[in-house]
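# Summary of the model geometry
What follows is the residue order along each chain.
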Amino acid sequence: MTIIGSTIKRDKKAKKTIYSFMVNDDVFEAYFFTGKKPALEIMHNGALLGFIEEQKTKFEFVANPEVNPVKITAWIDAGNSFSSIIKSMFKGVGIEVDGKPVQNTVTDPGFHIKNGRSGYSVLLFVFGVKSLFTYYTSFEEYASYFAAVISSAIYFVPFLLLLAAFINYARWTTFAIFAGLILSVLEFVDYIMGIPNSIRSGANGVSILIWMILRIMALYLLFNALKWKNKQKERPASPDVS
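Residues numbered from 1 in each chain as written. Predicted model: local features only at pLDDT ≥ 70, side-chain atom pairs only at ≥ 80, totals over all residues. Heavy atoms only, no water.

## A few points about the sheet that holds strand β8 (residues 92-97)
- The strand order across the open sheet built from four strands is β6-β7-β8-β9, with neighbouring strands paired in antiparallel fashion. The sheet terminates laterally at β6 (59-63) and β9 (100-101), the two strands that pair on one side only. (Pairing = 2+ DSSP bridges. Helix = DSSP H or I, 4+ residues; strand = E, 2+ residues; numbered from the N terminus.)

## A closer look at unusual backbone geometry
- The backbone of asparagine 45 shows a phi angle near 50°, a positive value even though the residue is not glycine.
- Among the secondary structure elements, asparagine 45 is positioned in the loop between β4 (39-44) and β5 (47-52).
- Owing to a relative accessible area of 45%, asparagine 45 belongs among the partly exposed residues under this scheme.
- One non-glycine residue, lysine 56, lies in positive phi territory at about 60°. (Buried < 20%, exposed > 50% of the residue type's maximum accessible area, 1.4 Å probe, protein only.)

## Focus on the layout of surface pockets
- In this model, the largest pocket occupies a volume close to 570 Å³.
- In terms of lining residues, the largest pocket is bounded by 18 residues, among which Lys130, Phe133, Tyr191, Ser198 and Arg215 are the most central.
- Those elements giving two or more residues to the lining of the largest pocket turn out to be α2 (109-142), α4 (173-200) and α5 (205-231).
- There is about 250 Å³ of room inside the second largest pocket.
- Lining the second largest pocket are 17 residues, with Arg10, Thr17, Tyr19, Phe32 and Thr34 positioned closest to its centre.
- At the level of secondary structure, the elements contributing two or more residues to the lining of the second largest pocket comprise β1 (7-11), β2 (16-23) and β8. (1 Å grid on protein atoms, 1.4 Å probe; cavity = no way out; pocket = protein on both sides within 12 Å on 5 of 7 lines; lining within 4 Å. Points joined across faces, edges and corners; volume = space filled by probe spheres on them.)

## Some thoughts on the pairing of strand β3 (residues 26-33)
- Relative to β3, β2 runs antiparallel, the two sharing eight bridges. When the bridges of β3 are listed, tyrosine 19 appears paired with alanine 30.
- Two successive antiparallel strands, β2 and β3, enclose a turn made up of two residues, where asparagine 24 displays a positive phi of approximately 55°.
- As defined by bridge partners, β3 adjoins β4 across six bridges and the pair is classed as antiparallel. From the neighbouring strand, phenylalanine 33 faces β4, where its bridge partner is alanine 39.
- Connecting the antiparallel pair β3 and β4 is a turn made up of five residues, with glycine 35 showing a positive phi of about 120°.

## Quick notes on the nonpolar core
- Grouped together as the largest cluster of nonpolar side chains are 27 residues, with contacts concentrated most on Tyr120, Phe127, Leu162 and Tyr169.
- Breaking this core down by element, the ones donating at least two residues are α2, α3 (145-167), α4 and α5.
- At nine residues, α5 tops the list of elements feeding residues into this core.
- Residues within four places of leucine 162 in sequence aside, it is in contact with Tyr120, Leu123, Leu124, Phe127, Gly180 and Leu183.
- Core analysis: the second largest hydrophobic core is formed by 21 residues, Val23, Leu40, Ile52 and Ile76 among them. (Core = buried A, V, L, I, M, F, W, Y, C linked by side-chain atoms within 4.5 Å. Contact = heavy atoms within 4.5 Å.)

## Observations regarding the side chain of threonine 105
- Looking at where threonine 105 falls in the secondary structure, it is placed in the loop between β9 and α2.
- Within the structure, threonine 105 has its side chain in polar contact with the backbone oxygen of valine 102 (distance 2.7 Å).
- With sequence-adjacent residues up to four places away left out, threonine 105 is seen in contact with Tyr19, Val93, Gly94, Ile95 and Phe111. (Polar contact = N/O pair within 3.5 Å; in protein donor to acceptor, adjacent residues only side chain to side chain.)

Right under this line is the structure:
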């Protein structure tokens, strides 16, 4: 997959993200204005090429229509209903140049692969909490630090593995995704099997639902990262991100 290299800059005060890229020595910039009414401006050599306010509709603009035409396809991606629940991690803009994805937009595999790291953040939180919870409950039951450590190891050891993969995600991407998926699936099954006991012990239904959503979120992010990792075959020569 050929990807058009781009740089990205964010202006938090103006709530604006700027994507810059070059095609045939022409400078293109996309200004994405976030907020209640997102908008997208496509600039070509400093002049306005197109303006978009409608979400999830692709628009086509042609630069240099008479000589060396360049077709820009752009849209505002508001994210699907599930990604909205997880703070719209996939919300942004999609930009293609003559059918080729532009780096750092939602058409770029790297955009989605990086979001797999967010799935790791969720897993680290889940395994960390379960490790501590198991330690304290075991200590109360056996009154022994050694027994508590042994009991909590079933969650603490995977926590350490996840932490190492999280830190080295950029270098261990493929391993990290598969390891995260395996642990996420196993932990999800373990949680499902424990729900009846949680209900009998008086656990709040809302709490059970929240913990369920967190686990689904991790699976969603990691499966999405794996899907885009398989699509990724060629990356930009110099992916500058600032």
